[in-house]
Amino acid sequence: MSLHVLSVASEAYPLIKTGGLADVAGALPGALAPHGVAMTTLLPAYPAVVHSLGKAKGKVMHRYADLLGVEARLVRHRLGALELILLDAPALFARDGGPYSDRNGAEWPDNWRRFAALGRAAADLADGLVPDLSFDLVHAHDWQAAMAPAYMKFTGAGRTPSLVTIHNLAFQGRFGADIFPRLGLPAEAFSIHGVEYFGGVGFLKAGLQTTSAITTVSPTYADEIRDPEFGMGLEGLVSARRDVVSGIVNGIDTEVWNPASDPHLAAPYALSSLSKRVANRRAVESAFDLTEGDGPIFCVVSRLTWQKGMDVLADVADSLVGMGARLALLGSGDPALEAAFMAAAGRHPGRIGVRIGYDEPLSHLMQAGADAILIPSRFEPCGLTQLYGLRYGCVPVVARTGGLADTVIDANEAALAARVATGFQFHGVTHDAVIRALQRAVAAFAQPKVWASLQKQGMKADFSWGRSGQLYADLYHRLTAA
Ligand code: ADP
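Residues numbered from 1 in each chain as written. Predicted model: local features only at pLDDT ≥ 70, side-chain atom pairs only at ≥ 80, totals over all residues. Heavy atoms only, no water.

Colleague: Please provide a residue-by-residue account of the overall build of the protein chain, values included.
Modeller: On a plain count of helices and strands, the protein chain comes out with 20 helices and 18 strands. Its C-alpha atoms give the protein chain a radius of gyration of 23 Å, near enough to 23 Å, the size a compact globule of 482 residues would have. In terms of principal-axis extent, the alpha carbons of the protein chain reach across some 70 × 45 × 40 Å. Counting the 482 residues in the protein chain, one finds 58% classified as buried. Carbon and sulfur atoms form 53% of the exposed surface of the protein chain, whose accessible area is close to 19,300 Å². A gap of 4 Å separates the mean positions of the 42 positive and 46 negative side-chain charges of the protein chain. (Helix = DSSP H or I, 4+ residues; strand = E, 2+ residues; numbered from the N terminus. Rg over C-alpha atoms; globule rule 2.2 N^0.38 Å. Buried < 20%, exposed > 50% of the residue type's maximum accessible area, 1.4 Å probe, protein only. Areas by Shrake-Rupley, 256 points an atom, 1.4 Å probe, with all protein chains shown as cover. Lys, Arg positive; Asp, Glu negative; His and termini not counted. Charge placed at Lys NZ, Arg CZ, Asp CG, Glu CD.)

This is the structure we're talking about:
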């Protein structure tokens, strides 16, 4: 049986992207098509989205005279495999800056109205707002879309099943109780069974409470968020709904991330021609002013934040150099961390190279030329850089958390003997744990056969969307059959 799913998201690659959510929302329609699922994506009509669509006019499907106080239209578009419905509400979305904040990084004060409108429009569509357009299921991503199931429950379309996917529980969409009367919900919705959250309104909470099922982007993160350490206040709700919570790891775009055809590399290579990596290694040395040496080159491609454990890494940078290793770091974020890594590079010229900024082509070259990628995250819902590392023979050294725990096989004795190991995991983001993991990696690097086996096992692993697309499709079918 074929299904028609309405995916609701605040970003979707290639139209608008601030993080991994966009990659997933953009990739899902293509990933699901082979499994008998047609997907339409509901997205706000930000200027960047309108710009990307160019001259294409689109088809107006509905006009709202008053959607949470503003005029709006639903406009149908198509871009490649993406079947889109844009929520065109100029009063909410036609403004400079990012999707969630202005140019100075200050959140838009009416974010509650902007994303409540998105949820409301999704619920209306599920309820048959547009003649001859029906949906079997609504799939809402993160807090910005999470009001969709709440509106569905309290204003009509309650019979259509829904799914909420948590990409990062750190962002929850919390607002004061004063907005509640303006949401257009019945009074009963302001309760623990609805949108009420610690006395205010919680958009993600509302979605998790009212949706048919919940997924996160890895099975381990799905477990972890039942614990106060990772649940960020929602652990009680997630635990209470554990029967409908599951984890599905994100896939990666194996065409964009293909070492055999990547245009950003000094030399393309494949599993059977790993020796060609050396040209990329030289290119990394030159890009980061590293002197040549025998030890491994570790790389980092990351937001420089506490979540990513970058404070601990900055602290152990001297030890890393002391082991005969080198470090190439690309990232930006917390100014204090940027300064700490710049200082480390100053102390160790030729051994530590740092680039502050966002550089997509360089990130590809680093995965192709560095020997290992370091990811000491305190929490990591899925993580993409370890998946790119695996595909590029850049051995991941990761904290055992979330998606990192699910995708890297630690090089312990048993895994090495069975030739299934793909990287190194460590428990707890502490100085000792990171140093110990670095020592293990440096020792393994000194054994070329062991190292090559790690690289090859990683490159053989399949993190394309094939399997995850199947898992989402299976879940959709179960929810619509229920
Ligand atoms: P998160 O979404 O939490 O930042 P992920 O590992 O899921 O972490 O995704 C991060 C993505 O952003 C990856 O595609 C990574 O390559 C990319 N990235 C992060 N920092 C940089 C940077 N400074 N330059 C280029 N790409 C970067």
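There is more to say, and it comes next.
Colleague: Help me get a handle on the pairing of strand 2 (residues 37-44), residues and values and all.
Modeller: Counting buried positions over the 8 residues of strand 2 gives 7, a clear majority of the element. Of the pairings in the sheet, the one linking strand 1 (residues 3-8) to strand 2 comprises 6 bridges and is parallel in character. Bridging across to strand 2, Leu3 finds its partner in Val37. Inspection of the sheet shows strand 2 paired to strand 5 (residues 82-88) by 5 bridges, in the parallel sense. Bridge pairing in strand 5 places Leu42 opposite Ile85. (Pairing = 2+ DSSP bridges.)

Colleague: Quick one: what's the story with unusual backbone geometry, residue by residue and with numbers?
Modeller: A negative phi holds for most residues other than glycine; trans holds for most peptide bonds. Put simply, Tyr13 and Pro14 share a cis peptide bond, and its omega is 5 degrees. Here Pro14 lies in the loop between strand 1 and helix 1 (20-32). Of note, Asp132 is a non-glycine position whose phi angle comes to about 65 degrees, a positive value. The exposed category is assigned to Asp132, whose relative accessible area is 85%.

Colleague: I'd like a description of the site of the ligand, backed by residues and values.
Modeller: Arg303, Lys308, Gly357, Asp359 and Leu384 are the nearest of the 16 residues found near the ligand. One nitrogen or oxygen atom from the side chain of Lys308 is found 2.9 Å from an oxygen atom belonging to the ligand. Between the ligand and Asp359 there is a distance of 3.0 Å, counted from a nitrogen atom to a backbone nitrogen or oxygen. Computed on the free molecule, the ligand has an accessible area of 570 Å², of which 87% lies beneath the protein chains in the complex. Looking at the shell around the ligand, the elements that each hand over two or more residues are strand 13 (297-304), strand 14 (326-333), helix 14 (360-369) and helix 15 (385-392). No other element matches the 3 residues that strand 13 contributes to the shell around the ligand. (Near = heavy atom within 4 Å. Polar contact = N/O pair within 3.5 Å; in protein donor to acceptor, adjacent residues only side chain to side chain.)

Colleague: I'd like a description of the sheet that holds strand 4 (residues 70-79), backed by residues and values.
Modeller: As summarised here, the arrangement of the 9 strands in space is 3-4-5-2-1-6-7-11-12, forming an open sheet in which the pairing is mixed. Each edge of the open sheet is held by one strand with a lone partner, namely strand 3 (59-67) and strand 12 (245-247). This sheet shows a mean twist of 25 degrees between the axes of neighbouring strands, independent of strand direction. Pairing between strand 6 (residues 137-141) and strand 7 (residues 162-166): 4 bridges, direction parallel. Directly across from His139, in strand 7, lies its bridge partner Leu163. Its contacts with the sheet place helix 1 against strand 2, strand 5 and strand 6, and it is angled at close to 150 degrees to strand 2. (Axes fitted to C-alpha atoms, helices over the stretch in contact; angles between N-to-C directions. Contact = heavy atoms within 4.5 Å.)

Colleague: Describe the sheet that holds strand 14, listing the residues and the values that go with them.
Modeller: Strand order across the open sheet formed by 6 strands is 15-14-13-16-17-18, with parallel pairing between neighbours. Pairing within the sheet leaves two strands with one partner each, and these edge strands are strand 15 (352-356) and strand 18 (424-426). Averaged over all pairs of adjacent strands, the angle between strand axes in this sheet comes to 15 degrees, irrespective of strand direction. Here helix 13 (residues 335-347) sits on the sheet and contacts strand 13, strand 14 and strand 15; the angle it forms with strand 15, its principal contact strand, is near 150 degrees. Docked against the sheet, helix 14 engages strand 13, strand 14, strand 15 and strand 16 (372-375), running at close to 150 degrees with respect to strand 14.

Colleague: Please give an account of helix 6 (residues 147-155) that cites residues and values.
Modeller: By the criterion of burial, helix 6 is predominantly enclosed, with 7 of the 9 residues buried. Every buried residue of helix 6 is accounted for by Met147, Ala148, Pro149, Ala150, Tyr151, Met152 and Phe154. Contacts made by the buried residues of helix 6 are with helix 4 (111-126), strand 6, helix 5 (142-145), strand 7 and helix 7 (203-210). Positive phi appears at Gly156, one or two residues downstream of helix 6, with a value of about 140 degrees.

Colleague: Report on the domain arrangement of the protein chain, specifying residues and quantitative values.
Modeller: For the protein chain, the assigned domains read domain 1 (3-251 + 466-481) and domain 2 (271-461). If you average the C-alpha positions of domain 1 and of domain 2, the two centres end up 34 Å apart. Taken residue by residue, the interface counts 15 residues in domain 1 and 13 residues in domain 2. Here domain 1 meets domain 2 over a buried area of about 1,000 Å², counting both sides, of which 62% is carbon and sulfur. Where domain 1 meets domain 2, there are 0 salt bridges. Across the side of domain 1 that touches domain 2, the residue classes break down as 7 nonpolar, 6 polar and 2 charged. (Domains from an automatic or database assignment. Buried area = accessible area lost by both parts, 1.4 Å probe. Salt bridge = Lys/Arg side-chain N within 4 Å of Asp/Glu carboxyl O. Nonpolar A, V, L, I, M, F, W, Y, C, P; charged D, E, K, R; others polar.)

Colleague: Mind laying out the nonpolar core, listing which residues take part and the relevant values?
Modeller: Counting 80 residues, the largest nonpolar core has Leu42, Leu87, Leu183 and Phe203 as its most contacted members. The element best represented in this core is helix 4, accounting for 10 residues. Excluding residues that lie within four positions of it along the chain, Leu87 makes contacts with Leu42, Leu43, Pro44, Ala45, Leu67, Ala72, Arg73, Leu74, Phe93, Ala117, Leu118 and Ala121. Judged by nonpolar contacts, the second largest core, of 41 residues, contains Val312, Leu320, Val442 and Phe445. (Core = buried A, V, L, I, M, F, W, Y, C linked by side-chain atoms within 4.5 Å.)

Colleague: Residues and numbers for helix 14, please.
Modeller: In terms of burial, helix 14 is largely enclosed, as 8 of its 10 residues are buried. Turning to helix 14, the residues buried within the fold contact helix 11 (277-287), strand 13, strand 14, strand 15, strand 16 and helix 15. Where helix 14 begins, the side chain of Asp359 points an oxygen toward the backbone nitrogen of Leu362, at a separation of 3.1 Å.

Colleague: Give a detailed account of the side chain of Thr422, specifying residues and quantitative values.
Modeller: The residue Thr422 is located in the loop between helix 17 (413-417) and strand 18 in this model. Beyond its immediate sequence surroundings of up to four residues, Thr422 is in contact with Leu390, Val395, Pro396, Thr407, Val408, Ile409, Leu454, Gln457 and Gly458.

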